[in-house]
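# An overview of the molecular structure
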Amino acid sequence: MLPFLFHSQTLDGVTFENAHLTVLLKTDKPDWESIQVRHEPDNEEYLVDLIKVGEEGRLTIWQGTFPINQDQPVTHYAFKVTSEKSQFWLDGSGIHTRMPGREGHYKFNALNQPPSWIAEQTFYQIFPDRFCNGNPEISVKTGEYKLKDGKVDAVAKPWGSDIGGYNGTSAAEFFGGDLVGIRQKLNYLEELGVSTLYLNPIFCSPSNHKYDTTDYLNVDPHLGSNQEFAELSEDIHQRGMKVVLDAVFNHTSSEHPWLDKLQRTKTGAYLNPESPYSDYYFFNDDKSESYVGWKGIQSLPVLNFDNSEVREYIYDSEDSVIKHWLKPPYNIDGWRFDVIHMLGEGEGAKNNAHYVKAFRSATKQQNPNAYVLGEHFFEATSWLQGDQEDGSMNYYGFAHPIRALLANQDIAYQPINIDMLEFTQWLAESRSKIPWLNQLSQLNQLDSHDTARFITLLGSNVARQKIALMFLMTYVGAPCLYYGTEVGLEGGQDPDNRRSFPWGEEKQSPWFKITQSLIQIRKQNPSLQVGSYVELYCDQETLVFARSLGHEHTISVINLADKEKVVSIPFWKLGIEAGQLKGLFGYGLESRDSLNGSTVTNELNVIEGELNFTVGSVESGIFSITSSL
């Protein structure tokens, strides 16, 4: 049987001073042969003895200090615990009976750390054309212009009508959402409790999704104006909220003046080898007609960052696009970089890391506290060591596993069946690969503009959607709601996942109150924002974990069993031998008093470090626990 070993990567367990880390380790017994922390200051193993510095209930606390690496920003470390006949190792992925590989070791980046505000936020993603129409006069009119190389008319559709099926492209369907509409709904968003808005692209573009930019320095006139965005940003900031914009720098629209496929300016690179922009893209042998498009899509020509003028325009000058929107009067608080892992010097994303670092540097030069967020549909470990991105859209470490667990589908909508043990292993593996502060800055989403809505994947299963929302608000990382989730908005795969927001009786939706309550719980409990993750109980169907910060412990319970069950929760792992458990959020959760068998649902007493807890079938709950000693 494995011992209990725990190391918090918060300030409860790690302090950094004078180029040294001081770390704490908690163990369930005091009589080990040796306890050491392993680090590699010169790529060679060093073992530093830990000394006993205190006790917490039945836990023993050990402390050690060692220098950070001087050869690289990231310092790796792990703990080695030996008994008379065996040894155990603790790293970010768990406890092992042999030395674990370096990829799972704890990581601390002394040079590059995310802004602290990120972990405190609840984000809200808005697809502008589908959120709210505040100014119908600027809405796209049917036949006003054409898309798809001038072959498909733009079409205006009534708010709330079905999406898709129009001339083979949903990108030409417009519903009229705009910046004025977003501003009109700030009171609603503030009441819901969200604190940062993430907007899908707002710059000039022929499509409704606007991932095909034609002008990076101006808001699309069908969404509003630069002045209206400045006013929106000012209003957001006056409310103590923040705003993050979407940056599409891997490719442009084929209608961008640099390429000008429709020959409007006569100076673009298409069919014009003498164009000053001929090296802005990747042309094939003919040098002017056949070019590289993103994933082969010819309407999205890929930019060539080997060209110094492209670099200067996007990030490498004081007037660059990245810096422009970070400056007054816009003052955005961060960028979400679209397909950031794909950009570089041609197909294969040559020198990608160099350019991502350059994007980061340009952003931080203008605003050191700006959020650098990358889009990655799969594992993004190499981009998340601190020197490139603050966080990523956490598909691999959050959206993939929660979808697999609750909806039994992978990210490609193919069947998968994992139990709770495999789920928590997946989470631990993905957490362990990146520094703690970057874990806290991951953007966790159940769904987005690129995926089917989670409630639809669940077949509108109410109990499982509640579990998903509860987990979103209590797990490590910054939660992000996709617009409409808080009112139960349904939607299948793209484009059906981009339905119009159903304004009218939004506050009467039971999902609004549930979501609002969960956001409020997260705001009121700092442990849910920056606290350590402690797994207290896990079997194939049930998970109980704590987020802990100092003496504040917030407990989450998830049960997927089809009948109620009793689990024994070892609160002694939190240093609590006796205390009170109080419900914050839950449905049908209760406890059996271990002494007389009576049912208690108001305040539950922890005795001798344990609590026998009865969990209802397919239920979830959030609790706080305080020590009575």
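Note that the structure is a prediction, hence the values are computed from the model and not measured. (Residues numbered from 1 in each chain as written. Predicted model: local features only at pLDDT ≥ 70, side-chain atom pairs only at ≥ 80, totals over all residues. Heavy atoms only, no water.)

## Looking at helix 12 (residues 510-524)
Taking 1.5 Å per residue as the helical rise, helix 12 with its 15 residues ought to reach 21 Å, and the 22 Å between its terminal C-alpha atoms agrees with that figure. Among the residues of helix 12, Trp511, Phe512, Ile514, Thr515, Gln516, Leu518, Ile519, Ile521 and Arg522 are the ones counted as buried. (Helix = DSSP H or I, 4+ residues; strand = E, 2+ residues; numbered from the N terminus. Expected span 1.5 Å × (residues − 1). Buried < 20%, exposed > 50% of the residue type's maximum accessible area, 1.4 Å probe, protein only.)

## Brief notes about the UniProt feature "domain: GST N-terminal" (unreviewed entry) in the chain
Those residues carrying the UniProt feature "domain: GST N-terminal" (unreviewed entry) are residues 386-491 in this numbering. Secondary structure within residues 386-491 divides into 45% helix and 9% strand; the distance between the first and last C-alpha atoms comes to 35 Å. (UniProt positions renumbered as here; feature names shortened; annotations may be inferred.)

## Let's talk about empty space enclosed by the protein
To find leftover empty space, a probe the size of one water molecule is rolled over the atoms. Applying the stated criterion to the full structure yields four cavities of 30 Å³ or more. Its boundaries defined by the atoms lining it, the largest cavity holds a volume of some 180 Å³. Where the lining of the largest cavity is concerned, the elements lending two or more residues are helix 7 (395-407) and helix 8 (420-432). Looking at the lining of the largest cavity, its residues break down into nine nonpolar, seven polar and three charged. Each pocket or cavity is described by its volume, and for the second largest cavity that value is around 60 Å³. What lines the second largest cavity is simply Asp129, Ser139, Val140, Phe174, Gly176, Gly177, Asn208, Lys210, Asp220, His222 and Leu223. Per-class residue counts for the lining of the second largest cavity are three nonpolar, five polar and three charged. (1 Å grid on protein atoms, 1.4 Å probe; cavity = no way out; pocket = protein on both sides within 12 Å on 5 of 7 lines; lining within 4 Å. Points joined across faces, edges and corners; volume = space filled by probe spheres on them. Nonpolar A, V, L, I, M, F, W, Y, C, P; charged D, E, K, R; others polar.)

## Digging into the nonpolar core
Ranked by size, the top nonpolar core spans 112 residues in total, and within it Tyr124, Leu197, Phe229, Phe249, Phe305 and Trp335 carry the most contacts. If you tally residues by element for this core, the top one is helix 11 (residues 462-474), at seven residues. Judged by nonpolar contacts, the second largest core, of 23 residues, contains Phe4, Leu59, Ala546 and Val557. (Core = buried A, V, L, I, M, F, W, Y, C linked by side-chain atoms within 4.5 Å.)

## Quick notes on unusual backbone geometry
The amide bond that connects proline 328 to the next residue, proline 329, takes the cis arrangement and shows omega of 5 degrees. On the secondary structure map, proline 329 appears in the loop between helix 5 (321-324) and strand 21 (334-337). Here the amide bond leading from aspartate 494 into proline 495 is cis, since omega sits at 15 degrees, within 30 degrees of zero. Tracing the chain through its elements places proline 495 in the loop between strand 25 (478-482) and helix 12. One non-glycine residue, asparagine 408, adopts positive backbone phi at about 55 degrees. Mapped onto the elements, asparagine 408 comes out in the loop between helix 7 and helix 8.

## A closer look at the environment of histidine 209
Within the secondary structure, histidine 209 sits in the loop between strand 18 (203-204) and strand 19 (215-219). Taking the relative accessible area as the measure of exposure, histidine 209 reaches 19% and is therefore buried. Each C-alpha atom, one on histidine 209 and one on valine 530, is 34 Å from the other, the two residues being 321 residues apart in sequence. When neighbours within four sequence positions are excluded, histidine 209 is seen to be in contact with Phe127, Ala171, Pro201 and Arg498. Polar contacts involving the side chain of histidine 209 include one to the side chain of serine 207, which spans 3.2 Å. A polar side-chain atom of histidine 209 sits 3.0 Å from the main-chain amide nitrogen of tyrosine 211. (Contact = heavy atoms within 4.5 Å. Polar contact = N/O pair within 3.5 Å; in protein donor to acceptor, adjacent residues only side chain to side chain.)

## Some remarks on the pairing of strand 26 (residues 532-538)
Among the seven residues of strand 26, five are classified as buried, and the element is accordingly described as predominantly covered. The sheet contact formed by strand 26 and strand 27 (residues 542-549) spans six bridges and is antiparallel. By the bridge assignment for strand 27, valine 534 is matched with alanine 546. Taken together, strand 26 and the strand that follows it, strand 27, pair antiparallel across an intervening segment of three residues. (Pairing = 2+ DSSP bridges.)

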